[in-house]
Amino acid sequence: MTASQSVVSDGRGRTVNYLRLSVTDRCNLSCLYCRPGSQIPFIPHADILRYEELLDLVALAREMGITKVRLTGGEPFARKSLLVLVEAIRRRFPDTDLRLTTNGTMLAGYAEPLAACGVSAVNISLDSLDRATYARITGSDHLDAVRQAIDACLRASLRVKLNVVALRGINDAEIPAFVRLAEKLPLDVRVIEFMPIGSARSWRPELFVSARDALLLASRQVELIPEAQRHDTAGPARMYRIAGGQGRFGVISPLTDHFCKSCNRIRITADGKLRTCLFAGCEYRLRPLLRNPRLGLPTVRRVIAMALRHKPLGFEVLAAEGDRGERGMSAIGG
């Protein structure tokens, strides 16, 4: 961080140093917890931020002391020439902790270029190791492509994290298989609690699996050793080493054991809306400011600073059953 950069905090004193930047809401899957049956319409192309605008936002984030940037979607590789943006970010901000979240279906051929660019880690959404169950959850048969992508990333020495949304009666019985995968491969498996996002049209409480239940299933397979969490890079996952294994297992518990008091992130959607909390429907429109020559980045910075003063605690939003908006995870930037 240069002398011109400053650490930014929100109205509750939480340091904000992590930007999740969505490059597209397009996706080639229709996961039942995200875009079930493709019920959510795509954002018109004219409303999607240009690569130049995304790069400007990364520059602004760096000026504000944000050191970690994750490119998300939708599916990032559904956007043409994504690698051009990745390379541009690395050239201008080589010390940025740059990461990527993807469904992995189009990733395999990009593993080596991403590693060469210095991408720190790749998060791959993979909710089943069984072909039929994978197709049931995602609406498509791309499991082989995802497994190939995982292998390609490991060969390229990319850090790999697998994100598994646990769904009772659908894929929860596979948690032991995921544990065994992490035991034999040098990667992280993180089981995530099913969340009521946006209009929650896909949310059904009978599908919910708690992080505690996931841990119980995992601990029956292997010995799990809790890992000490570094406060400077603390994320939402509680991670465990697998005794005698190569990888790690973890859980993310936004509902049963929330981490709102240490939340360090903001989100900017593909159409340029700032969201300070995943569960809160309030969004701040940045795109019109970016495209107005009389306003531009200085005004965007003021809006971000103002929004952070009102960054809520997500668990309070959920408890109040407040307005979470109508946008699904693919439009928010997961």
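Look up a bit, the structure's there.
Residues numbered from 1 in each chain as written. Predicted model: local features only at pLDDT ≥ 70, side-chain atom pairs only at ≥ 80, totals over all residues. Heavy atoms only, no water.

1. What about empty space enclosed by the protein?
Step number 1: Considering all chains together, one arrives at two cavities of 30 Å³ or more under this definition.
Step number 2: Taken as a whole, the second largest cavity spans an internal volume of roughly 50 Å³.
Step number 3: Every residue along the wall of the second largest cavity is listed here: Leu19, Leu57, Leu60, Ala61, Met64, Ile66, Ile266, Ile268 and Ile304.
Step number 4: Those elements giving two or more residues to the lining of the second largest cavity turn out to be helix H1 (51-63) and strand E12 (265-268).
Step number 5: Tallying contributions element by element places H1 first for the lining of the second largest cavity, with three residues.
Step number 6: Grouping the constituent residues of the lining of the second largest cavity by class yields nine nonpolar, no polar and no charged. (1 Å grid on protein atoms, 1.4 Å probe; cavity = no way out; pocket = protein on both sides within 12 Å on 5 of 7 lines; lining within 4 Å. Points joined across faces, edges and corners; volume = space filled by probe spheres on them. Helix = DSSP H or I, 4+ residues; strand = E, 2+ residues; numbered from the N terminus. Nonpolar A, V, L, I, M, F, W, Y, C, P; charged D, E, K, R; others polar.)

2. Topic: helix H7 (residues 211-219)
Step number 1: Of all the positions in H7, only Ala211, Ala214, Leu215 and Ala218 are classed as buried. End-on, the buried residues of H7 take up no more than an arc of 100 degrees, which puts them together on one face.
Step number 2: On its buried face, H7 sits against helix H6 (175-184), strand E8 (188-192), strand E9 (224-226), strand E10 (237-242) and strand E11 (248-252). (Buried < 20%, exposed > 50% of the residue type's maximum accessible area, 1.4 Å probe, protein only. Arc of directions from axis to C-beta. Contact = heavy atoms within 4.5 Å.)

3. So, the pattern of salt bridges
Should the charged atoms of two oppositely charged side chains come close, the side chains can pair.
Step number 1: Inspection of every chain in the model, using the stated rule, returns 18 salt bridges.
Step number 2: Put simply, Glu53 and Arg50 hold a salt bridge, and the shortest N to O gap is 3.0 Å.
Step number 3: The partner of Arg159 in a salt bridge is Asp188, and the shortest N-O contact between them spans 3.7 Å. Linking Arg159 in strand E7 (residues 159-165) with Asp188 in strand E8, this pair joins segments that are 29 residues apart in sequence.
Step number 4: A residue is classified by how much of its surface remains accessible, and Asp188, at 7% relative accessible area, is buried.
Step number 5: When salt bridges with common partners are traced through the structure, they connect Arg159, Asp188, Glu227, Arg241 and Arg248 into a single cluster. (Salt bridge = Lys/Arg side-chain N within 4 Å of Asp/Glu carboxyl O.)

4. Section: the nonpolar core
Step number 1: With 93 residues, the main nonpolar core has Tyr33, Leu71, Val86, Leu114, Leu162, Phe249 and Ile304 as its most contacted residues.
Step number 2: Here the element with the most residues in this core is H1; it accounts for eight residues.
Step number 3: In this structure, Leu114 is in contact with Phe77, Leu83, Val86, Leu100, Leu107, Val119, Val122 and Leu158, ignoring residues within four places of it in sequence.
Step number 4: Of all hydrophobic cores here, the second largest spans 11 residues; its members include Ile197, Met239, Cys277 and Phe279. (Core = buried A, V, L, I, M, F, W, Y, C linked by side-chain atoms within 4.5 Å.)

5. A short note on the packing of H1 against helix H2 (residues 82-92)
Step number 1: The contact between H1 and H2 brings their axes to 10 Å, and the two run at 30 degrees. Considering their axes alone, H1 and H2 lie roughly parallel with respect to each other. In this structure, the crossing between H1 and H2 has a hand that is right-handed. On the side of H1, the interface is formed by Tyr51, Leu54, Leu55, Asp56, Val58 and Ala59, while H2 contributes Leu82, Leu85, Ala88, Ile89 and Arg92. (Axes fitted to C-alpha atoms, helices over the stretch in contact; angles between N-to-C directions. Parallel < 35°, antiparallel > 145°, perpendicular 65-115°, else oblique. Left-handed = near helix turned anticlockwise from the far one by under 90°.)

6. Structural notes on the environment of Leu107
Step number 1: Along the chain, Leu107 turns up in the loop between strand E5 (97-102) and helix H3 (111-117).
Step number 2: With a relative accessible area of 0%, Leu107 lands in the buried category.
Step number 3: Considering only alpha carbons, one finds Leu107 and Val146, 39 residues apart in sequence, at a separation of 7.6 Å.

7. Concerning the pairing of E11
Step number 1: Along E11, five of the five residues are buried, which leaves the element largely enclosed by surrounding structure.
Step number 2: Burial along E11 is two-sided: the face carrying Arg248, Gly250 and Ile252 and the face carrying Phe249 and Val251 are both buried.
Step number 3: Pairing of E8 with E11, which is carried by five bridges, proceeds in the parallel orientation. Of the residues in E11, the one forming a bridge with Ile192 is Ile252. (Pairing = 2+ DSSP bridges.)

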